[in-house]
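As a plain string of letters, each chain reads:
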Amino acid sequence: MASQDISTTIMPGVKQKLAADTIEKTKPANNVLNHFLLISISLGFVLANVGGLVYAIHFMMTYHHVQAIIVVDTCNVVHTTSDKFLSIALDSSILTKGWRKFDIGLPLVINMVSAFSPSYLRLGGTSSDCLIFGSFNDENSILENPVDGQWCCCCEDGELVRENFTMSGGKGWDSDNALKLIQFSHDHQLTPSWQLGNEPNLFKHTFNKSVSGTQLAKDFSKLRGVLDNVYGSHVELVGPDVTRPHPPHLDAVNYLIDFLVEIMKQRKPVIDAITWHHYNLNGRECTVEDFINPATFEHFYVQAEIVKDIVTLMMPGTPIWITETSDAFGGGAPNLTNRFVGGFLWLDKLGSTALNGFKVIARQSIFGGHYALIDEDLNPMPDFWLSVLHKKLVGTKVLNVNIQYQKPCGAATMGNIKFYAHCAPRAEESTVGDAITIFGYNIGPNTEAFILECALELSVGIKVYTLTGEDGLQSQYTLLNGKRLELNKDGTLPPLTPLIQNTKLMTIPPYAMVFWQVFGMTNSICN
């Protein structure tokens, strides 16, 4: 049958011609993703899944005394995330600075990073587009602050001094230098996931040098061939790591479409996941009010929907990863992204990402910048504790949550309260039945009260974890149920002890985040 062209509107102002037979031929292409090293770390136990059932939470909200019902469907799993869902990122600029104070051999660092196992550790950021791979005895290497004899940077004041294994001159990508890194990884029995390029839609802005989405897809296909030849078996390749896919930045949307169109033309599957980056705010301009403004949260929802729609249309079934994200770009915002107030956007993004069906989200960054989970003095920041709690309490099975208001409710109240729910990890199960974890936040000024009604044994109790800022929104310290969270004197993590509640009355203080673990579920999908 002759090919029939169709014009698909991805979003207002963006149209892309796609051949109907091309779409027809496009299988889930075995997944996709790009250039920077995504190294799987296994420093702890592997979290497993758990179960659920349908129940409702009736509650009274102090705002206008509005009565509402939160319905958590525990009979159906909406999505299932990777067990490495909450992953971490490290900006590659640290490699050019001798790792600074982030000594990955220190027991203190190992203790803190191990709390995120299992996860990916992504090496990325703008500097990663300036890296070449070499060794001390390689006379052709340009070494600046070499780290462990393996890495160097060839950037000066943001200008590309020498072409590297991301961007090459002429026609197409020169894989010679990348082959050295891939061969080194194979010889040392390392099997990282791979990417090719960091935010390639911004190359022109950042380096005054462009690589089109079409050309990048061809380069990915070449990289897939190199990986297959060296490893002799399949290894993960993901990309293209575009950023800011939303109006008025239609270049990112068009770049992603061009990339996927060319990927679909390749004779064999190339990528294992489709990747993109997201930041809510500009770190140089944002204010504390932005972090508790419901409109700021919408920023992510819009971009996530755009990416999901494009992938669903062009490569349905292909996993989507967010391989770099935080609240604010530009290294974060001092006294905001590294303070308690930064947690609301982060917790919401964790919940929304899973609910959208995305498999992985990598937090920028574990160390370095004002959005770091660990500061320059190796102290855990508020988002560190929030992330560790999420890792401990939230499983891979995503459940649907629906709030049904019984009376007219002010828009402010509706925007200030948000809940998500997952099956609890198996390590958090009770012997009396399955467990689910409900988590959410209150960015309003009033305490909100909830009456919980569901099929559970109150003798089991509900585990309650309430997070507040010790000195308000811009506090450097987080309180868990009123007690400051800090490392033990020997550098180990303290026990994260919940309150056990034997009543169905649940409350969230103003400007707080909560995790509630409900035990005693029966006949649930979480089993």
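It should be emphasised that the depicted structure is a prediction, and the values quoted were computed from it without experimental measurement. (Residues numbered from 1 in each chain as written. Predicted model: local features only at pLDDT ≥ 70, side-chain atom pairs only at ≥ 80, totals over all residues. Heavy atoms only, no water.)

Moving on, we come to the packing of helix α6 (residues 250–265) against helix α7 (residues 294–314). Where α6 contacts α7, the axes come no closer than 11 Å and their chain directions differ by 20 degrees. Overall, the two elements α6 and α7 adopt an arrangement that is roughly parallel. Classified by chirality, the crossing of α7 by α6 is right-handed. Contacts from Val-253, Leu-256, Ile-257, Leu-260, Val-261 and Met-264 of α6 reach α7 at Ile-306, Ile-310 and Met-314. (Axes fitted to C-alpha atoms, helices over the stretch in contact; angles between N-to-C directions. Helix = DSSP H or I, 4+ residues; strand = E, 2+ residues; numbered from the N terminus. Parallel < 35°, antiparallel > 145°, perpendicular 65-115°, else oblique. Left-handed = near helix turned anticlockwise from the far one by under 90°. Contact = heavy atoms within 4.5 Å.)

So, on to the packing of α7 against helix α8 (residues 343–355). Pairs of packed helices are described in terms of their axes, by the angle between the two and the distance that separates them. Viewed as axis vectors pointing N to C, α7 and α8 meet at an angle of 30 degrees, and their least axial separation amounts to 10 Å. Taken as axis vectors, α7 and α8 run roughly parallel relative to one another. The element α7 and its partner α8 pack so that their crossing is right-handed. Of the residues in α8, those touching α7 at Thr-296, Phe-297, Phe-300 and Tyr-301 are Phe-344, Leu-345, Asp-348, Lys-349, Ser-352 and Thr-353. Classifying every residue of the contact of α7 with α8 gives 5 nonpolar, 3 polar and 2 charged. (Nonpolar A, V, L, I, M, F, W, Y, C, P; charged D, E, K, R; others polar.)

Here we come to the state of the cysteines. What the rule picks out here adds up to 1 disulfide. With a sulfur-sulfur separation of 1.9 Å, Cys-423 is cross-linked through a disulfide to Cys-526. Between Cys-423 and Cys-526, the S-S torsion sits near -80 degrees, and that sign places the bridge as left-handed. With Cys-423 in strand β19 (residues 417–423) and Cys-526 in the segment after β27 (512–521), this residue pair connects regions lying 103 residues apart in the sequence. Residue classification places Cys-526 among the buried residues on the basis of a relative accessible area of 0%. (Disulfide = S-S within 2.5 Å. Buried < 20%, exposed > 50% of the residue type's maximum accessible area, 1.4 Å probe, protein only.)

Another aspect to go through is the environment of Ser-221. With respect to the helices and strands, Ser-221 occurs in helix α5 (residues 213–231). When its relative accessible area of 24% is taken as the criterion, Ser-221 is described as partly exposed. A C-alpha to C-alpha distance of 7.2 Å links Ser-221 and Gln-266, two positions 45 residues apart in sequence. Setting aside its immediate chain neighbours within four residues, Ser-221 contacts Gln-266 and Val-270. Polar side-chain contacts of Ser-221 include one of 3.1 Å to the side chain of Gln-266. (Polar contact = N/O pair within 3.5 Å; in protein donor to acceptor, adjacent residues only side chain to side chain.)

A rise of 1.5 Å per residue sets the reference length of α5, with its 19 residues, at 27 Å; its end C-alpha atoms lie 26 Å apart and thus fit the reference within 8%. Those residues of α5 lying buried are Gly-213, Leu-216, Ala-217, Asp-219, Phe-220, Leu-223, Arg-224, Val-226, Leu-227, Val-230 and Tyr-231. The first or second residue beyond α5 is Gly-232, which carries a positive phi of 70 degrees. (Expected span 1.5 Å × (residues − 1).)

This next bit is on the packing of aromatic side chains. As enumerated under the stated definition, the model contains 15 aromatic pairs in all. Pairing Tyr-120 with Trp-321 gives two aromatic rings, centres 5.0 Å apart and planes at 40 degrees, and the pair type is tilted. Of this pair, Tyr-120 sits in strand β8 (residues 119–124) while Trp-321 is found in strand β16 (residues 320–329), placing the two residues 201 residues apart along the sequence. Linked through ring pairs, Phe-297, Phe-340, Phe-344 and Tyr-441 together constitute an aromatic cluster. Just above the ring of Trp-346 sits the side chain of Arg-363; from NZ or CZ to the centre is 5.0 Å. (Phe/Tyr/Trp six-rings, centres within 6.5 Å; stacked < 30°, edge-to-face > 60°. Lys NZ or Arg CZ within 6 Å of the ring centre and 35° of its normal.)

Bringing the side chain of Asp-375 into the picture now. With respect to the secondary-structure elements, Asp-375 resides in the loop between β17 (360–364) and α9 (382–393). Within the buried core, Asp-375 has no salt-bridge partner, and the shortest N-O distance to an opposite charge, that of Arg-339, equals 6.9 Å. Separated by 2.9 Å, the side chain of Asp-375 and the backbone nitrogen of Asp-377 make a polar contact. For Asp-375, the contacting residues outside a window of four places in its chain are Phe-367, Met-381 and Gln-476. (Lys, Arg positive; Asp, Glu negative; His and termini not counted. Salt bridge = Lys/Arg side-chain N within 4 Å of Asp/Glu carboxyl O.)

On to the pairing of strand β7 (residues 86–91), then. Two faces belong to every sheet, and in a regular strand the side chains alternate between them. Among the 6 residues that make up β7, 5 are buried, leaving the element largely enclosed by the rest of the structure. Alignment of β7 against β17, held across 4 bridges, turns out to be parallel. Pairing of Ser-87 across the sheet is with Ala-362, part of β17. Looking at chain direction, β7 and β8 are connected through 4 bridges and run parallel. What sits directly across from Ala-89, in β8, is Arg-122. In the classification by handedness, the crossover that spans β7, the intervening helix α2 (residues 107–114) and the parallel β8 is right-handed. (Pairing = 2+ DSSP bridges. Right-handed = clockwise from strand over helix to strand, strands pointing away.)

The next thing to look at is the side chain of Thr-296. By the element assignment, Thr-296 lies in helix α7. A relative accessible area of 8% places Thr-296 in the buried class. Aside from chain neighbours lying at most four places away, what touches Thr-296 is Asn-280, Leu-281, Asp-290 and Leu-345.

Of all 7 residues making up β19, 6 are buried, and the element is well covered by its neighbours. The pairing of β19 with strand β20 (residues 434–442) spans 7 bridges and is antiparallel. Note on β20: the bridge partner recorded for Cys-423 is Ile-436.

Before going further, it helps to spend a moment on the confidence of the model for the chain. The pLDDT averaged across the chain works out to 80; a share of 75% of its residues lies at or above 70. Note on residues 1–66: pLDDT is under 50 here. Beyond four places in sequence and across chains, it has 271 contacts. Per-residue pLDDT stays below 50 along residues 138–165; that stretch engages in 79 contacts with residues further than four places along the chain or on separate chains. (pLDDT = per-residue confidence, 0-100.)

Overall, the coordinates contain 12 salt bridges when judged by the stated rule. Note that Glu-324 is salt-bridged to Arg-122, the shortest N-O span being 3.1 Å. Note that Glu-324 is positioned in strand β16 and Arg-122 in strand β8, a separation of 202 residues in sequence. Here Glu-324 and Arg-122 have matching classes, each one buried. One connected set of salt bridges, linked through shared partners, spans Arg-224, Asp-228, Lys-268 and Asp-272.

With that out of the way, let us pick up the nonpolar core. The biggest cluster of nonpolar side chains holds 103 residues, and the ones touching the most others in it are Phe-102, Ile-366 and Phe-515. Judged by nonpolar contacts, the second largest core, of 21 residues, contains Leu-399, Phe-419, Ala-421 and Ile-436. (Core = buried A, V, L, I, M, F, W, Y, C linked by side-chain atoms within 4.5 Å.)

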